[in-house]
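# Notes for the structure review
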Amino acid sequence: MKKVNDFEKKYPLFVPYVIDEATRANMLTNEDLLRKYHEHQEEIQSFIIDIASRFDVDTIFTLLKASVFKMPDEILLSFIKAYLASNEAAKNNQDIMKFYNNTLSLGAESVHYIENHGIITNRAWRDIPEMVIDEEYNKYKKDNEIFKGEILSHNYSALNIKEKRLVVGLLKKNSFGLLNILFSSVDISFRQLIAFLSAKGINEEIINNTVSEGIGEYNLLLLLFALFGIEYSDTICANICHLIKNNRFEFLKVLINADGIASLNEYSADTISIMSDKQLIEDITKRGYNLIKKDE
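Per chain, residue numbering runs from 1 following the sequence as it is written. Since the coordinates come from a predicted model, pLDDT governs what is reported: local features require at least 70, and pairs of side-chain atoms require 80 or more to be given and counted, while whole-chain, interface and lining totals use all residues. Excluding hydrogens and water, the side-chain values take into account all heavy atoms of the structure.

Helix and strand counts for the protein come out as 20 helices and two strands. As a reference, a globule follows 2.2 Å times the number of residues to the power 0.38, and the radius of gyration itself is taken over C-alpha atoms. A compact globule built from 296 residues should have a C-alpha radius of gyration of about 19 Å, whereas the protein, at 28 Å, is more than 25% larger. Across its three principal axes, the protein shows a C-alpha extent of roughly 100 × 45 × 25 Å. Residue burial in the protein is summarised as follows: out of 296 residues, 43% are buried. Contact definition: two residues touch when any of their heavy atoms are within 4.5 Å. Across the protein, contacts joining residues at least 24 apart in sequence account for 64% of those joining residues at least 6 apart. Note on areas: Shrake-Rupley, 1.4 Å probe, and residue coverage restricted to the protein chains presented here. Of the roughly 15900 Å² of accessible surface on the protein, 49% is carried by carbon and sulfur atoms. Residues counted as positive are Lys and Arg, residues counted as negative are Asp and Glu, and His and the chain ends are not counted. Lys charges are placed at NZ, Arg charges at CZ, Asp charges at CG and Glu charges at CD. Across the protein, the centroid of the 34 positively charged side chains sits 2 Å from that of the 43 negatively charged ones. To qualify as a helix, a DSSP run of H or I must reach at least 4 residues; to qualify as a strand, a run of E must reach at least 2; elements of each kind are numbered from the N terminus. Only protein chains enter the accessibility calculation, which uses a 1.4 Å probe; a residue is then buried when its area is under 20% of its type maximum, exposed when over 50%, and partly exposed in between.

What follows is the structure in structure tokens.
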């Protein structure tokens, strides 16, 4: 009877594919790989069974070395999940690991998408962030969203990804209807409005029912028009979102009614977080902004 060596005992799944004795010896002293193998043996086995039906020994070893041997646990499990969810053409692509790694650069949402839908092994992988947004849109739309007679579903596909992200954010917060309330008397089309809001960095964190209730619909409209008139509004929008998150609606109303929104460009979110409303008003006044209400 053939004696079972240490490698066969510790890595039985790898025996047919790791042939080099020096490599085997190194793997036997690799405590992290041993741990990974035993903790995720079921997933690794499913992966090996699949690739073993498609590739030769050398290719299988190359895939194992790049994935199981080198990937951290979380990424390895993500890769295996995405691989097993892939179609036959993708599974037969020897470069599938490259396309998975490309998707990693697109962020967590894109990786989660391919874990559910499979790895995309053509140039379409660049479109995954938009696929994520479109999937979210289909999840939250109700098919009756209308802006001043314009049906959302008739316009959505023509939006760019940033504009789509804004629309989906509004849908998720059940705040799409606010656009009609705020801009009912403004001569602007849906596409123009979304493009303008998106270009200014205004999103669902600013346009939502909680903010509308906190500062009032009219003040929210004034806030948006103030942002429309500011050329570089990224810092200001970020600070407004910070104020909203911390329910500092009274201070926000002071700024809106005194044309002081632009003053937020002078502060970081960290500074705003450690200063009280009174301290901020005093400091803004010292910087030359008049925070007396416009109608006083």
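Time to look at the environment of N247. Residue position: N247 is located in the loop between α17 (234-245) and α18 (249-257). N247 sits 224 residues away from T23 along the chain, and the two C-alpha atoms are 59 Å apart.

Glancing now at the packing of aromatic side chains. Between the rings of Phe, Tyr and Trp (Trp by its six-membered ring), a pair exists once the centres lie within 6.5 Å; its type follows the angle of the planes, with under 30 degrees stacked, over 60 edge-to-face, and the other angles tilted. The full count for this structure, using the stated rule, is 17 aromatic pairs. Centre to centre, the rings of F7 and Y11 are 5.3 Å apart; their planes meet at 45 degrees, and the pair counts as tilted. One exposure class covers both F7 and Y11, and it is buried. On the numbers, 6.2 Å between centres and 50 degrees between planes, the contact of F147 with F190 is tilted. Taken together, the residues span a long stretch of sequence, with F147 in strand β1 (residues 146-147) and F190 in helix α14 (residues 190-199) at a distance of 43 residues. Grouping residues by exposure puts F147 and F190 together as buried. In this structure an aromatic cluster arises from ring pairing among F7, Y11, F14, Y37, F61 and F69. If you follow R287 out to its NZ or CZ, it ends over the ring of Y267, 4.6 Å from the centre. Remark: a charge is flagged as sitting over a ring if the NZ atom of Lys or the CZ atom of Arg is within 6 Å of the ring centre and within 35 degrees of the ring normal.

Moving on, we come to the pattern of salt bridges. Every case where a carboxyl oxygen of Asp or Glu lies within 4 Å of a side-chain nitrogen of Lys or Arg is listed as a salt bridge. Within the structure shown, the criterion is met by 14 salt bridges. One salt bridge in this structure joins D73 and R35, with 2.8 Å as the shortest N-O distance. Residue D73 is located in helix α6 (residues 73-84), and its partner R35 is located in helix α3 (residues 31-39); the two are separated by 38 residues in the primary sequence. Note on D73: relative accessible area 19%, which makes it buried. Here K172 makes a salt bridge to E136, at a shortest N to O gap of 3.1 Å. Taken as a pair, K172 in helix α12 (residues 161-172) and E136 in helix α10 (residues 128-140) lie far apart in primary sequence, 36 residues in all. For E136, a relative accessible area of 21% translates into the label partly exposed. Through salt bridges with shared partners, a single ionic network connects D32, R35, E39 and D73.

Shape is all these values report; function is a separate question.
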